[in-house]
Amino acid sequence: MKYSKATNYALHSMVHLAMESTSGAVRVEDLAKRQKISPTYLSKILTKLSKAGLIVSTPGVKGGYRLLRSPEECTFLDIIQAIEGYESLLNCTMSHDGKWNRHCLIERAVAEAEDKLKDELARKTIADILKQRQEKN
């Protein structure tokens, strides 16, 4: 399964925000510089994360973004769905005869596999990544 670059940047941004959670908000420019991307592009990604209730923007001279939830509550699934949405990878548009009833068996097989992946992504949190990062250092 392939996700967009925006999801990659969103996941990394969430880790950076979690690492900086004790120092307050992180400016868009700083996050963009760390990831070597345009601040304008990253702002669009951060807006989606904000609308999903994962982060919040803080106004003022020292403004920026910070986590709204704890790293233990920020799941990969929440982040991915904030960026990619909730649609299945496969939406069968073929017309099947009556033998297959109304549902495509292939589409159903993909949906079942996606459900397993969603379960795993719902268990993986930003806190897990922070822990792995600390163990590595």
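Scroll up to find the structure.
Bear in mind the structure is a predicted one, so any value in this text is a computation, not a measurement.

Remarks on the nonpolar core
Among the nonpolar cores identified, the biggest contains 31 residues, and Met14, Leu49, Ile55 and Ile126 are the most heavily contacted of them. Breaking this core down by element, the ones donating at least two residues are α1 (5-19), α2 (28-35), α3 (39-51), β2 (64-67), α4 (76-84) and α6 (126-136). Among the elements that take part in this core, α1 stands out by supplying eight residues, more than any other. For Ile126, the residues in contact, after removing those within four places along its chain, are Leu11, Met14, Val15, Ala18, Pro71, Cys74, Phe76 and Ile79.

Section: the side chain of Gln35
Mapped onto the fold, Gln35 is located in helix α2. Classification of Gln35 by relative accessible area gives buried; the value is 12%. A distance of 2.7 Å separates the side chain of Gln35 from the side chain of Ser13, its partner in a polar contact. Once you skip the residues sitting within four places of it in the chain, Gln35 turns out to touch Tyr9, His12, Ser13, His16 and Leu42.

So, α2
All buried positions along α2 are accounted for by Val28, Leu31, Ala32 and Gln35. Down the axis of α2, the smallest arc covering the buried residues is 100°, so these residues share one side. Where α2 is buried, its residues meet α1, α3 and β2. In the stretch just after α2, Lys36 is the one whose phi turns positive, near 60°.

Focus on the packing of α4 against helix α5 (residues 105-123)
In contact at an axis separation of 6 Å, α4 and α5 are set at 115° when each is read in the N-to-C sense. By the angle class used here, α4 and α5 are roughly perpendicular. Contact with α4, carried on its side by Phe76, Leu77, Ile80 and Gln81, involves Lys118, Leu121 and Ala122 of α5 and no other residues of that element. By residue class, the composition of the contact of α4 with α5 is five nonpolar, one polar and one charged.

Points about the environment of Leu31
Relative to the elements of secondary structure, Leu31 occurs in helix α2. Taking relative accessible area as the criterion, Leu31 reaches 0% and is therefore assigned buried. Beyond its immediate stretch of four places on either side in the chain, Leu31 contacts Ser13, His16, Leu17, Val26, Leu42 and Leu46.

Parameters at a glance
Residues numbered from 1 in each chain as written. Predicted model: local features only at pLDDT ≥ 70, side-chain atom pairs only at ≥ 80, totals over all residues. Heavy atoms only, no water. Core = buried A, V, L, I, M, F, W, Y, C linked by side-chain atoms within 4.5 Å. Buried < 20%, exposed > 50% of the residue type's maximum accessible area, 1.4 Å probe, protein only. Helix = DSSP H or I, 4+ residues; strand = E, 2+ residues; numbered from the N terminus. Contact = heavy atoms within 4.5 Å. Polar contact = N/O pair within 3.5 Å; in protein donor to acceptor, adjacent residues only side chain to side chain. Arc of directions from axis to C-beta. Axes fitted to C-alpha atoms, helices over the stretch in contact; angles between N-to-C directions. Parallel < 35°, antiparallel > 145°, perpendicular 65-115°, else oblique. Nonpolar A, V, L, I, M, F, W, Y, C, P; charged D, E, K, R; others polar.

So, to be careful, I would describe these as geometric facts and stop short of saying anything about function.
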